[in-house]
Amino acid sequence: GGLVATDNSLDLAIDGAGFFQALMPDGRMGYTRNGTFSRNGEGTLTTSSGYVVQPEIQIPDGVTEINISSDGIVSVLAGGESTPQEVGQLALANFINPRGLQAIGEIFMVETPASGAPIDGNPRDAGFGKLSQGFLEGSNVNVVQQLVDMIETQRAYEVSSKSISAVDEMMRFLSNNL
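What comes next is a walk through the structure. (Residues numbered from 1 in each chain as written. Predicted model: local features only at pLDDT ≥ 70, side-chain atom pairs only at ≥ 80, totals over all residues. Heavy atoms only, no water.)

**Looking at the pairing of strand β10 (residues 85-89)**
We count it as follows: Two strands qualify as a pair provided DSSP detects at least 2 bridges between them. Numbered from the N terminus, helices here are DSSP runs of H or I no shorter than four residues, and strands are runs of E no shorter than two.
Judged from the four bridges that link them, strand β9 (residues 73-78) and β10 form a sheet pairing that is antiparallel. By the bridge assignment, Val76 is partnered in β10 with Gln85.

**Looking at the side chain of Ser132**
The cut-off we apply is this: By definition in these notes, contact holds between two residues if any of their heavy atoms fall within 4.5 Å.
For Ser132, the position within the fold is in strand β15 (residues 130-133). Ser132 has contacts with Leu3, Asp11, Leu12, Ala13 and Asp15, leaving out every residue within four places of it along the chain.

**Let's talk about the pairing of strand β12 (residues 102-105)**
One ladder, built from three bridges, connects β12 with strand β13 (residues 108-110); its direction is antiparallel. The partner of Ala103 across the bridge, within β13, is Met109.

**Some details on the pattern of salt bridges**
Let me state the cut-off plainly: A side-chain nitrogen of Lys or Arg and a carboxyl oxygen of Asp or Glu constitute a salt bridge if their distance falls within 4 Å. The rule is simple: take the accessible area with a 1.4 Å probe, protein chains only, and divide by the maximum for that residue type; under 20% is buried, over 50% is exposed, in between is partly exposed.
Per the counting criterion, the structure on display carries four salt bridges. Across the pair Asp26 and Arg28 runs a salt bridge, and its minimum N-O distance is 2.8 Å. Put simply, Glu169 and Arg172 hold a salt bridge, and the shortest N to O gap is 2.5 Å. Of this pair, Glu169 and Arg172 both sit in helix α1 (residues 143-177), three residues apart, which is roughly one turn of that helix. Glu169 sits in the partly exposed class, given a relative accessible area of 46%.

**Things to note about a nonpolar patch on the surface**
So the rule is basically this: For patches, a residue must show more than 30% relative accessible area and have no salt bridge; joins then use 9 Å for like charges and 5 Å for nonpolar side chains, namely Val, Leu, Ile, Met, Phe, Trp and Tyr. Note that accessible areas follow from Shrake-Rupley with a 1.4 Å probe, and for residues the cover is restricted to the protein chains shown.
On the surface, a cluster of nonpolar side chains totalling about 700 Å² of accessible area is made up of Val167, Met170, Met171, Phe173, Leu174 and Leu178. If you trace the backbone, Val167 turns up in helix α1.

**Remarks on the packing of aromatic side chains**
The test is simple: Aromatic contacts are taken between Phe, Tyr and Trp rings whose centres are within 6.5 Å, Trp giving its six-membered ring; a plane angle under 30 degrees counts as stacked, one over 60 as edge-to-face, and the others as tilted.
What the rule picks out here adds up to four aromatic pairs. Taking the centre distance of 6.0 Å and the plane angle of 70 degrees together, the rings of Phe19 and Phe95 count as edge-to-face. Remark: Phe95 occurs in the loop between β11 (92-94) and β12 and Phe19 occurs in the loop between β2 (12-15) and β3 (20-23); sequence separation between them is 76 residues. A residue is classified by how much of its surface remains accessible, and Phe95, at 4% relative accessible area, is buried. Summarising the aromatic geometry, the rings of Phe20 and Phe37 are spaced 4.9 Å apart at their centres and angled 80 degrees between planes, so their arrangement reads as edge-to-face. Separated by 17 residues along the polypeptide, Phe20 in strand β3 and Phe37 in the loop between β4 (29-32) and β5 (38-39) bring together distant segments of the chain.

**Quick notes on the environment of Gly127**
In this structure, Gly127 sits in the loop between β14 (119-121) and β15. When its relative accessible area of 56% is taken as the criterion, Gly127 is described as exposed. Separated by 33 residues in the primary sequence, Gly127 and Asn94 place their C-alpha atoms 8.2 Å from one another. The contacts of Gly127, once residues within four sequence positions are left out, are Ala17 and Asn94.

Pasting the structure below:
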């Protein structure tokens, strides 16, 4: 979907291919395109569900500004400092067949034999999209178009149903009159 501006420094959108990675409570790696991130009590970068983003990135206390470059480098500016300090590098994962991922809820998907093994890389590397800080990926579904399509399908079903009823009536008439 299109990118929607949020002006939140921890909101990230992937412009291109790739998935963010998060460690799930059961030990599996979860993959998502939802870049609504926050910091937990220890300063670790987490998803909106509270799962730790991988690779783990610690954001120190007292930070006045967080910058995430389009290639995933996370740097912070602490109060009173004039030069930013690099605290980590966000990585993305991609798959040979992303449609083969299995949705497990809470906007997460997991690897399956159909998806293939994850291919790890940094944003802007070959085959990976770039990150846009302060943006989220919007829906790629046009609700109005889907509603119109559903109404058209319902009408086609009604026409088919009436045609079957008419043929049934004709067959009943023929069988009763012959």
